[in-house]
Structure formats: structure tokens, C-alpha cells
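# Remarks on the overall topology
As a plain string of letters, each chain reads:
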Amino acid sequence: MRRRLPLLLAAVGAACAALAASAGPARWWFAAGPLLALTALGVRDLVQRRDSLLRAYPLTGRLPFVPFVPRRGRDERPGAVREFLVSSLAPVEPAEEPPVVRVGGPDCRLPYDMALLNVSALSFGALSARAVLALNRGAALGRFAQDTGEGGLSEHHLRGGGDLVWEIGTGYFGCRTGDGRLDAREFADKAALPEVRCVSLKLSQGAAPGGGALLPGVKVSASVARERNVPAGEPVVSPPGHREYSTPRELVLFLARLRELAGGKPTGLKLCVGSRREFLAVCRAMVAEGVAPDFVVVDGSEGGSGAAPPYAGEVGLPLTEGLMTVHNALVGVGLRDRVRIGASGGVATGADVVRRLAQGADYTNAARAMMRAVGCVGTGRCHTNTCPVGVATQDPRRTRALDVGDKTRRVRDYQRGTVRDAVRIMASMGVREPAALTPAHLVRRTGPGTVRSYAELYEWLEPGVLLSGPPESWAADWKAADPDGFS
Ligand SMILES: Cc1cc2nc3c(=O)[nH]c(=O)nc-3n(C[C@H](O)[C@H](O)[C@H](O)COP(=O)(O)O)c2cc1C
């Protein structure tokens, strides 16, 4: 009610002034006129569909500083300032069709063609049903994938016909036994749905690596509780680690089991890298067992969350370092050609996409930029259930602000425009195929007047070199990496 009070006051004021003018002195029209105009403006704010903030805060949403009106957030993209993509004097024509990346190694029976930019993991619970649906319909229109997030495969993910990456987190929501383990039968049944194109086993995420995700009780509505099979109104805290494995070897065997249960659909990992040695231990287990994921999504510590702990961003490797670690490790053990790498963490523009590809990724995912496409104004209130624009709340009065039709188109347009920009940038660099991007295509200013490319600044391993004779800089970590223990 408070949100619409200014409009109500304007309308009542206009009515009183108009009555006074018709019954008494005509000068009342000087007051009635502006008040009627203000009322008309407020009604327009209320019924329009493009701006969720104005729908929720008619009239006041137009003003920059009103105490109870959320301010529109600023888009901050860390690390974007001192790096430049290398343009070419021999540019090429941009590819006409948006490129896709085939995901699916030799053990996968149903490979999937992944777009260059997809919706990163955002669960129903963290986001409203309307936001999830708009993302899903946008993905269907634009032919890209939506990651369900760890909150399960909700009905809202299945309503719009978009391709899904079903994320399995430590809580196994949507396929959980009574004692908190994987319910294999339920998993297999749901993974068989045609909308599920890939399965992602989430080990950790950048905003809280090593800590279980939290959904505050205030957001656990009856519908969210039903999807996750948890009590309504109580916080949902996912366990920090998985109960289905405790060593790197068991992890890769679990991954192989998930892929089999999923009928051979592409199955991969999502993680924020902590120690290089731990990831190398997982690589050693892959080699020893002859099992590799079809993809690895690397999340940077700059990533977001629905309820980030105060130390977010301080733990885990940022995307640049995490991505290069995973890429080099997979190259070093000779598995890079069968494992695709996705990157998430601050990806918002076409240049961001190209930069991540040059650093070793095959495709990218965006969470917060996609949230902005569905109307997020960055108030940072995701954990309070008071999101004013209906994106990150379960409060039905607030979710009404989000118009699914309009936001569906925006999601489609945002992804399409960003990929188009990425393709144009690559063409200006003389690159037609994303796979042709290399670390030499990205330079960093290292001092006044000096730039050096990523190829020069960092070490890039040769295929299989960790198996045949690791370079000195990797030798200690490689030696210490144990497929039968993380530490
Ligand atoms: C509201 C919100 C909810 C999220 N939920 C999940 C989740 O369920 N599972 C997950 O792996 N990551 C989750 N993430 C992390 C994102 O998928 C992504 O990895 C991270 O935010 C980095 O991408 P960005 O910089 O584009 O936001 C969430 C992020 C946000 C902002």
C-alpha cells in the first residue's frame, strides 16, 4: 500500500480540487490540473509492462532518492578495465549464424549444442516463479540453455519449453532420499524429460565456495517447500559437501553413474577452484578411471548468490585464475579435447564473452546480467524477500510487478544482442570460429606504455605434458595430487 500511496494521494487531491472547482471558484482548476496530470502519469506507471520498478512504485520510482524506494543498482564489472582484445588489420565478415559449441565426450550418447551465452544457475526459491518462467521462455525463443540452479527441476522450469541444464547440488533437491542422499530412480525419471539436455553436478559456487547454499526461511513459500521437499518457512541450508563421494575417484565414478542414469546426456561439474592440487587430484582420478565430465563450468569468486555470506569474493579463485587452472590441467592430462569449459562470473557483454573464450573457455553463462534482463535493479535485497521488482522474491504482491511476456522478450534480446556483439568483436579480430581464439588475442597493460598478451604473461601447458613430464612449476602440485584424497 505504501508503495502506491503517492498515487492515491494525487488521485484524491485531484478529485477534491476538481469538485471544489466545479462547486466554487474556478481557480481550483490550477490545483486540479497538475494533480490530474500526476494521477494520469501514476496510472500509466502502474499499468505499463516494461519497467518493473515503476509498476511497483508508480510516480516515486521516477525519483532518484526517496527513502523507501530502492535505487537502481550500478553495473560493476570487476577486472574489465586494463585488458584489451587484439583487433586485426585483416578482419573477417561476422558469422551469420550464432556459433554453438558441441558438448558431449565419447561417453555421452546425446550431445548438446550449447550457445555461447546461457542462463547461469538460478534456482526457483532464490528467484520468483515469474522470473524463472521468463528466463525459460526467453531461452526457448533464443535457443540457449537455462541452468535450473540447485533448488530442483521446478514446474516453472518446465513450462516454457526452454532447454535445461539440471543442476544437482549437495542437497539433491528434487531427487533426494529421506536421509539426504541421491534418489537414483527419481533422478533417472526426471533426467529423462526431453527439456533436460545436460546434468550439472555442482561442487561449489564462487560466492560461497565450500559453504552450503542458504535459502532464508522467509523465501521458503509453500510452493518452494514442495519443490524441495522441505518444511515451509524454515531456512534451507544445503550441506557444504556431497554425501555421495568423499574422494576424487569416488567423485568421477559418481559422475559416470549420473551420466548413465541420465541416459547418456552430457554430464559435467560446476565449481569455483580453490587449490590447483585438488583439481589436479580430480584430473588424476579421471585419467585413472577413464572417466571425464562432458563439461566443467568454472565459477569465479566474484560470482553472486541469493544470500551471499559477508566473506563473498574473499575465498576461492577469481574467474581468470580459475579458468586458466582448469583449462591447463585438462590440457596437461590430455583430456581437453573431450571436456568443454563454461565460464561464469561477471559475464555481461560481448567483450566479456570473447575475453573468457581467449582465456580458455568454450562458452559462458550469466546469472546477474540475466536477472537484470528480467527487471532486477540491483538493490541487493535478494535474501530479504522484499525484491521490489518481483525477481528475487516469493511474495505474490511483489512478483506481480514482473510482466512475463515483456521480460521473456528482453531475455531473448539481451542474449541475442550480446552474442551478436561477441561475434562482431571476434570478426574485428580476424576470428570467425570461437575455437580459434587464443591467449594471444587478449593483452593486458603491464606498465606505462607496455602491454603483454596472456600468451606471454602466463604459462600454457602442452597436451599431455603432466603425464609425460610436468614442468617444474606444476611438478609439486601434480606429485601431491592424490586421486584417493582431497587434502
Ligand atoms: C540469486 C542468485 C542465485 C543463485 N543460485 C545458484 C544456484 O542455485 N546454483 C549455483 O550453482 N549458482 C547459483 N548462483 C551463482 C550463479 O549461477 C553464477 O555462478 C554466479 O553468480 C556468477 O555469475 P554472474 O556474475 O553472472 O552472476 C546464484 C546467483 C544468484 C545471483
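In this text the structure is predicted, and so the values were computed from the model without any measurement. (Residues numbered from 1 in each chain as written. Predicted model: local features only at pLDDT ≥ 70, side-chain atom pairs only at ≥ 80, totals over all residues. Heavy atoms only, no water.)

### Digging into helix α13 (residues 404–428)
The α-helix advances 3.6 residues per turn, and as a result positions three or four apart in sequence lie on the same side. Compared with an ideal rise of 1.5 Å per residue, which puts 25 residues at 36 Å, α13 spans 36 Å between its outermost C-alpha atoms and is within 8% of the ideal. Gly430 lies just past α13 and shows a positive phi near 80°. (Helix = DSSP H or I, 4+ residues; strand = E, 2+ residues; numbered from the N terminus. Expected span 1.5 Å × (residues − 1).)

### Considerations on the site of the ligand
In the neighbourhood of the ligand, 23 residues make up the surrounding shell, with Ala121, Glu167, Asp299, Gly346 and Arg368 lying closest. In the environment of the ligand, an oxygen atom lies 2.8 Å from a nitrogen or oxygen atom belonging to the side chain of Ser120. Alone, the ligand offers 610 Å² of accessible surface; in the complex the protein occludes 97% of this. When grouped by side-chain class, the residues that make up the shell around the ligand number six nonpolar, 11 polar and six charged. (Near = heavy atom within 4 Å. Polar contact = N/O pair within 3.5 Å; in protein donor to acceptor, adjacent residues only side chain to side chain. Areas by Shrake-Rupley, 256 points an atom, 1.4 Å probe, with all protein chains shown as cover. Nonpolar A, V, L, I, M, F, W, Y, C, P; charged D, E, K, R; others polar.)

### Remarks on the nonpolar core
Core analysis: the biggest nonpolar cluster contains 114 residues, and Leu127, Phe187, Leu201, Leu330, Met370 and Val391 have the highest contact counts within it. Beyond its immediate chain neighbours, meaning those up to four positions away, Leu330 contacts Phe279, Cys283, Met286, Val296, Leu335, Arg336, Val339 and Ile341. (Core = buried A, V, L, I, M, F, W, Y, C linked by side-chain atoms within 4.5 Å. Buried < 20%, exposed > 50% of the residue type's maximum accessible area, 1.4 Å probe, protein only. Contact = heavy atoms within 4.5 Å.)

### Regarding the pattern of salt bridges
Within this structure, the stated rule accounts for 24 salt bridges. As a salt-bridge pair, Glu150 and Lys202 come within 2.5 Å of each other at their nearest N and O atoms. In this pair, Glu150 is assigned in the loop between β5 (145–147) and β6 (163–168) and Lys202 in strand β7 (residues 196–202), connecting sequence segments 52 residues apart. Just as Glu150 is buried, Lys202 falls in that class too. Glu289 is the salt-bridge partner of Arg249, the closest N and O atoms lying 2.7 Å from each other. Here Glu289 lies in helix α8 (residues 276–289) and Arg249 lies in helix α7 (residues 248–261), a separation of 40 residues in the sequence. (Salt bridge = Lys/Arg side-chain N within 4 Å of Asp/Glu carboxyl O.)

### A word on the side chain of Thr364
Considering the arrangement of structural elements, one finds Thr364 in strand β13 (residues 363–366). At 2.7 Å, the side chain of Thr364 forms a polar contact with the backbone oxygen of Leu116.

### Points about the sheet that holds strand β1 (residues 83–85)
Strand order in this open sheet of three strands is β1-β14-β15, and the pairing throughout is antiparallel. Each edge of the sheet is formed by a strand with only one pairing partner; in this case those strands are β1 and β15 (450–453). With direction set aside, neighbouring strand axes in the sheet form an average angle of 35°. Both strand β14 (residues 442–447) and β15 contribute to a ladder of four bridges, which runs antiparallel. By the bridge assignment for β15, Arg444 is matched with Arg452. Contacting β1 and β14, helix α10 (residues 350–358) runs over the sheet at an angle of about 90° to β1. (Pairing = 2+ DSSP bridges. Axes fitted to C-alpha atoms, helices over the stretch in contact; angles between N-to-C directions.)

### Examining the environment of Val374
Along the chain, the position of Val374 falls in the loop between α11 (368–373) and α12 (396–399). Since its relative accessible area comes to 0%, Val374 is described here as buried. Considering only alpha carbons, one finds Val374 and Arg130, 244 residues apart in sequence, at a separation of 9.2 Å. Excluding residues that lie within four positions of it along the chain, Val374 makes contacts with Ser52, Ala131, Ala134, Leu135, Val391, Leu402, Lys407 and Val411.

### Quick notes on the packing of aromatic side chains
Following the criterion strictly, the structure yields three aromatic pairs and no others. Ring geometry for Trp166 and Phe187: centres 5.2 Å apart, planes at 20°, overall stacked. In this pair, Trp166 sits in strand β6 while Phe187 sits in helix α5 (residues 184–191), placing the two residues 21 residues apart along the sequence. With relative accessibility at 0%, the residue Phe187 sits in the buried group. Note on Tyr245 and Phe254: the rings are 6.3 Å apart at their centroids and 40° apart in plane angle, and the pair reads as tilted. A single burial state applies to Tyr245 and to Phe254, both of which are buried. Seen from the ring of Trp474, Arg276 lies directly overhead, with NZ or CZ sitting 4.0 Å from the centre. The positively charged end of Arg284 is found above the aromatic ring belonging to Trp478, 3.9 Å away from the centroid. (Phe/Tyr/Trp six-rings, centres within 6.5 Å; stacked < 30°, edge-to-face > 60°. Lys NZ or Arg CZ within 6 Å of the ring centre and 35° of its normal.)

So yeah, pure geometry; function would need other evidence.
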